[in-house]
Structures are given as structure tokens and as C-alpha cells.
Amino acid sequence: MRDRKRGTVRDLRRGNRAAVLWSLYLSQARSRQELSAATGLSAASVTNVVRELIDEGIIIETGLAESDGGRPRTMLGMNPEYGHVIGVDVGETRTRVELFDLTMTERAKAEYTLDRPAEHDVGVVLGQIASGLAAVLADSDLDEHAILGVGVGVPGIIERRSEVLVHGQTYGWDAVPLGTLLRAHTGLPLRFDNGAKTMGQAELWFGAGRGARNAVMILIGSGVGASLISGGSTYQGATSSAAEFGHIAVAVGGRKCRCGAAGCLEAYVGAAAILDRYGQPTAATDQELALAELIDAASTSPHAAGILDDTARYLGAGIGTLINLFNPERVILGGWAGLQLGARLLPDIRESARQHSLHHLYAATSIVLGELGPGAVALGAATLPMETFLNSSGQ
Ligand SMILES: [Zn+2]
């Protein structure tokens, strides 16, 4: 009986610590009064937890803020130096490795392009991740003990069995045991998720999705992915996959898709497909530059402009389907290609989405660009080990 009581008190204390840490992590800076209002904890509980977390060096006093009529209030925030997290974006055209402090400020990054983007040799990608981990540690002058964990965002479906398996049907990975393979290169704690989901989590917490309860995040690079935010958190399907948006059919019997089916959205609006539809030779050395060239050319070339018009129509039709199915309050377009296309085509994409969805549902949503840039997948991946840290209440 006594043990159970002690356990309950300990659980309560851990819960209070986690509530304060989550609140400070997501808001960046808050006073004790604001923490109390945001967490529902009493002023006395907040004072106790804050004292404990300051003593342990996890949070710090960051300065004073004026308050209405009263004494200036002391602001609190995460201690950036307490620990660090690393996010890895395994993309179709490049591998990004970024190191962040506890306030999610980027402290170092390494990027490697894939020489042959169509071939995602597991050994090559593993080598890039391993080099990247070593590079960001060296650049930031940190050793492994300073790192709380590494999050990895990958294309495709993550299956969590006794080991993590990645099924990247269009990426050329068939049940790749990425966790086991990466374990040979690092002893750091590892977490994995789909890249569209990590981007979605980053935009939800720190970017265009802030405050949204129901949203769809669309990631367009070479291919197309999405993640669903339902009730304020990322929706997971039965086998931890959801929202393979690139492979909904937008043209029955249409263009052949990399997944083997015909008429998928990805066969029209993924960067690889757009460039294929364009069919013009390019001097650009990679897809990112080639797409930028196409977008530039659209000012003078009717053919290029037509390709982009079609891209907006297909993408808008796909978004219209998402709006009809999920009734999101916000649709966020990101990924390197999504951001390039959106900068020019957003009004056309919105118009096509309006034409392809029910009026009442379209009126309830807004379609916007991601705010965190093409690095959002790596930033989101780095939130995975942060999540583990905050849920264990910083211990
Ligand atoms: Zn497909």
C-alpha cells in the first residue's frame, strides 16, 4: 500500500515536470504565472518544479518581462546547453544531418547530395548519415555524451517490429533494417519516422501549423507524401503508415507511377514526374536546379507554363480530395519542390482545390506554404528524440 502511494506521488511529480517542460519547449519562453495558466498546475507546484529543473540545469531564467502594473516577471526557457539532438533527413535527392540545441536552434549541419538520385543505395545513404553525424559533432565541438538522441526521417513506410524496417517502394528500399544497420555506426539512441510526418510535426509545433487541431501537411520533393494532424497530434494508421497522398489516383489509366500503378498524383506533381512531363534537356546537375529552371522558363515558354498549369490543377485536385475526406482547417505545402512550386502557383493550386472540393469544406480551410523551409524534415526528425526526453520529464 505504501509503495503504491509512493508510486503515485512519483508519477504526479513526473507528470508535473513533463507538463512544465513541454510548455517551455513549445513556447520558448514563459513566466511562472504563464506556466501555471498554460499547464493548469498551481502556482506552488510550478514554483517547486521550476526550482528543481533550474537546479538540474535543464531550464534557465532568460530575463525579465514587463507586466501590467506589477513587478517585472522573470521569464524561463529551456537551457540550450543542457543537451542536443540531431535530425537526419534521408531524402530522394540529398541527405541532411542537423544538430540542434534544446531551444531547437541549429548549431551545425552537413548535407550530401546523391550522385545518382534514382539509386538510393543503402550503403551510400548509411555512409552519408555516418559522415554527417561525425561532421556535426566535430563542427559543434561536442562529443556523443552531449547528444540526447538522433531522429531519422525517411521516405516510405516504417514498420516497427523487433527491429525497424523501412519499406520505400518508390525509393527502392524493401524492408531495409535501417536501425540495425545504423547501429554499426553510432551508439546514440535512435528514432525513426516517415519524412512527411517529421516535417508535419515541425510545422505543427514551430511553423505554419501552430495552433491547428486538424491539418494536412503535404511534402513534395521528387515524390509526394503527406501527414495528417488530427486533434492536435499526428495520425497513425493501423501499421503506422497513413496518408500516402502521392499514390491516390487522379487520372484513371493515366501516367505510370513509380509504385507500379497508373495515374497516381505523384506521377504528375512529384518533381521527377514534372521534369519528365516537361521533357526538355537541362544543364542543371540536379532535380532541384532543374525544377527552378523550369519555373523560370515558364515566364517566356508556353510549354513550360503549360506544364506548371497542369501541375497546379492536379495538385489542387488532390488537395480537394483531402479537404473532402478530412475537413482540415489548414493545408500546408512544404518540401523543397512544394515550396518552389507554391511560391509561383499557390493561387492556381487554391483555385483548383476550390473546384475539386465541396464549398462548405473548402470555405473552412486555408492552403498555405510551410514556414520552415526545406530543412523542416530534419528539424522534425530532431523533435523525435526531444519528445522522448520531454516525456521522460528530462531525466
Ligand atoms: Zn503511385
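Residues numbered from 1 in each chain as written. Predicted model: local features only at pLDDT ≥ 70, side-chain atom pairs only at ≥ 80, totals over all residues. Heavy atoms only, no water.

Engineer: I'm lost on the pattern of salt bridges in this one. Help?
Structural biologist: Any two side chains of opposite charge can pair, given that their charged atoms come close. Overall, the coordinates contain 19 salt bridges when judged by the stated rule. Among the salt bridges present, the one from Asp-276 reaches Arg-255, with a minimum N-O distance of 3.0 Å. Residue Asp-276 is located in helix 8 (residues 271-278), and its partner Arg-255 is located in the loop between strand 14 (233-234) and helix 7 (266-269); the two are separated by 21 residues in the primary sequence. Counted as one network, the salt bridges with shared partners bring together Asp-89, Arg-94, Arg-96, Lys-109, Glu-111 and Glu-288. (Salt bridge = Lys/Arg side-chain N within 4 Å of Asp/Glu carboxyl O. Helix = DSSP H or I, 4+ residues; strand = E, 2+ residues; numbered from the N terminus.)

Engineer: What is the right way to read the packing of aromatic side chains from this model?
Structural biologist: Any pair of aromatic rings gets described here by the distance separating the centres and the angle formed by the planes. What the rule picks out here adds up to eight aromatic pairs. Look at Trp-22 and Tyr-25: their rings are 6.2 Å apart centre to centre, the planes differ by 80 degrees, and that puts the pair in the edge-to-face class. Remark: Tyr-25 and Trp-22 occur in helix 1 (residues 2-27); sequence separation between them is three residues, near one turn of the helix. The interplanar angle of 90 degrees and the centroid separation of 5.6 Å between the aromatic rings of Tyr-25 and Phe-206 together place this pair among those described as edge-to-face. Of the two residues, Tyr-25 sits in helix 1 while Phe-206 sits in helix 6 (residues 195-206), which places them 181 residues apart along the sequence. Overall, the relative accessible area of 1% leaves Tyr-25 in the buried class. Through pairs of rings, three or more aromatic residues link up here, namely Trp-22, Tyr-25, Trp-205 and Phe-206. (Phe/Tyr/Trp six-rings, centres within 6.5 Å; stacked < 30°, edge-to-face > 60°. Buried < 20%, exposed > 50% of the residue type's maximum accessible area, 1.4 Å probe, protein only.)

Engineer: Looking at this structure, I do not really get the pairing of strand 4 (residues 84-90). What am I missing?
Structural biologist: Along any regular strand the residues' side chains alternate between the sheet's two faces. Taken across its seven residues, strand 4 has seven buried, putting it largely inside the fold. Of the two faces of strand 4, the one lined by His-84, Ile-86, Val-88 and Val-90 and the one lined by Val-85, Gly-87 and Asp-89 are each fully buried. Where strand 4 meets strand 5 (residues 94-101), seven bridges bridge the pair, whose relative direction is antiparallel. Paired with Ile-86 across the strands is Leu-99, a residue of strand 5. A loop of three residues connects strand 4 with strand 5, the two strands running antiparallel in sequence. Looking at chain direction, strand 4 and strand 7 (residues 147-154) are connected through six bridges and run parallel. Bridge pairing in strand 7 links His-84 to Ile-147. (Pairing = 2+ DSSP bridges.)

Engineer: Explain the sheet that holds strand 11 (residues 190-194) here, please?
Structural biologist: The strand order across the open sheet built from five strands is 6-5-4-7-11, with neighbouring strands paired in mixed fashion. In this open sheet, the two edge strands, each paired with only one partner strand, are strand 6 (106-113) and strand 11. Strand-to-strand twist in this sheet, taken as the mean axis angle between neighbours without regard to direction, amounts to 15 degrees. With five bridges connecting them, strand 7 and strand 11 associate as parallel partners. (Axes fitted to C-alpha atoms, helices over the stretch in contact; angles between N-to-C directions.)

Engineer: Explain the coordination of the zinc ion here, please?
Structural biologist: Around a metal, the ideal angle is 109.5 degrees if four donors adopt a tetrahedral arrangement and 90 or 180 degrees if six donors adopt an octahedral arrangement. Only His-247 (ND1), Cys-257 (SG), Cys-259 (SG) and Cys-264 (SG) from the protein reach the zinc ion as donors, at distances of 2.0 to 2.4 Å. Considering all four donor atoms around the zinc ion, angles at the metal cover 105 to 120 degrees and the coordination shape is tetrahedral. (Donors = N, O, S within 2.8 Å, 3.2 Å for Na, K, Ca; no water. Tetrahedral: all angles 85-135°; square planar, octahedral: opposite > 155°, others 65-115°.)

Engineer: I keep staring at the nonpolar core and nothing clicks. Help me out?
Structural biologist: In globular proteins that are soluble, nonpolar side chains generally tend to be buried together. Of all hydrophobic cores here, the largest spans 46 residues; its most connected members are Ile-218, Phe-245, Leu-291, Leu-294 and Ile-319. Top element by residues in this core is helix 10 (residues 302-326). It accounts for nine residues. For Phe-245, the contacting residues outside a window of four places in its chain are Ile-218, Val-224, Gly-225, Ala-226, Leu-265, Leu-315, Gly-318, Ile-319 and Leu-322. Formed by 40 residues, the second largest nonpolar core is a distinct cluster that contains Tyr-25, Val-50, Ala-202 and Ala-212. (Core = buried A, V, L, I, M, F, W, Y, C linked by side-chain atoms within 4.5 Å. Contact = heavy atoms within 4.5 Å.)

Engineer: What should I look at first to understand the sheet that holds strand 14 in this one?
Structural biologist: Strand pairs in the sheet, formed through backbone hydrogen bonds, run parallel or antiparallel to each other. Taking strand neighbours across the sheet as the criterion, the five strands line up as 14-13-12-15-16 in an open arrangement whose pairing is mixed. In this open sheet, the two strands that pair with only one neighbour each are strand 14 and strand 16 (366-369). Where strand 12 (residues 215-220) meets strand 13 (residues 224-230), six bridges bridge the pair, whose relative direction is antiparallel. Pairing of Ile-218 across the sheet is with Ala-226, part of strand 13.

Engineer: Explanation requested: helix 3 (residues 43-55) in the structure shown.
Structural biologist: Given 3.6 residues per helical turn, the α-helix brings residues three or four places apart onto the same face. Taking 1.5 Å of rise per residue, the 13 residues of helix 3 would be expected to cover 18 Å, and the 18 Å separating its terminal C-alpha atoms lies within 8% of that figure. All of the buried residues in helix 3 are Val-46, Val-49, Val-50 and Leu-53. Around the axis of helix 3, the buried residues are gathered within 100 degrees of arc, so they sit on the same side. In this structure, helix 3 carries Ala-44 and Asp-55 as exposed residues pointing more than 90 degrees from its buried face. The positive-phi residue at the C-terminal boundary of helix 3 is Gly-57, with phi of around 80 degrees. (Expected span 1.5 Å × (residues − 1). Arc of directions from axis to C-beta.)

Engineer: When you look at the packing of helix 9 (residues 287-297) against helix 11 (residues 336-355) in this model, what are you seeing that I'm missing?
Structural biologist: Helix-helix packing is described using two parameters, namely the angle between the two axes and the distance between the axes. Two elements in contact, helix 9 and helix 11, have axes whose closest approach is 10 Å; the angle formed by their N-to-C orientations is 10 degrees. Taken as axis vectors, helix 9 and helix 11 run roughly parallel relative to one another. The residues of helix 11 that touch helix 9, namely those facing Gln-287, Glu-288, Leu-291, Ala-292 and Ile-295, are Trp-336, Ala-337, Gln-340, Leu-341 and Arg-344. Looking at side-chain class alone, the contact of helix 9 with helix 11 contains six nonpolar, two polar and two charged residues. (Parallel < 35°, antiparallel > 145°, perpendicular 65-115°, else oblique. Nonpolar A, V, L, I, M, F, W, Y, C, P; charged D, E, K, R; others polar.)

Engineer: In this structure, what is going on with the side chain of Thr-383? I would like to understand it.
Structural biologist: Along the chain, Thr-383 turns up in helix 13 (residues 376-391). Here Gly-380 takes part through its backbone oxygen, which lies 2.5 Å from a polar atom of the side chain of Thr-383. Not counting residues up to four positions away in its chain, the partners in contact with Thr-383 are Tyr-25, Met-104, Gln-201, Trp-205 and Phe-206. (Polar contact = N/O pair within 3.5 Å; in protein donor to acceptor, adjacent residues only side chain to side chain.)

All quantities given are derived from atomic positions and should not be read as evidence of function.
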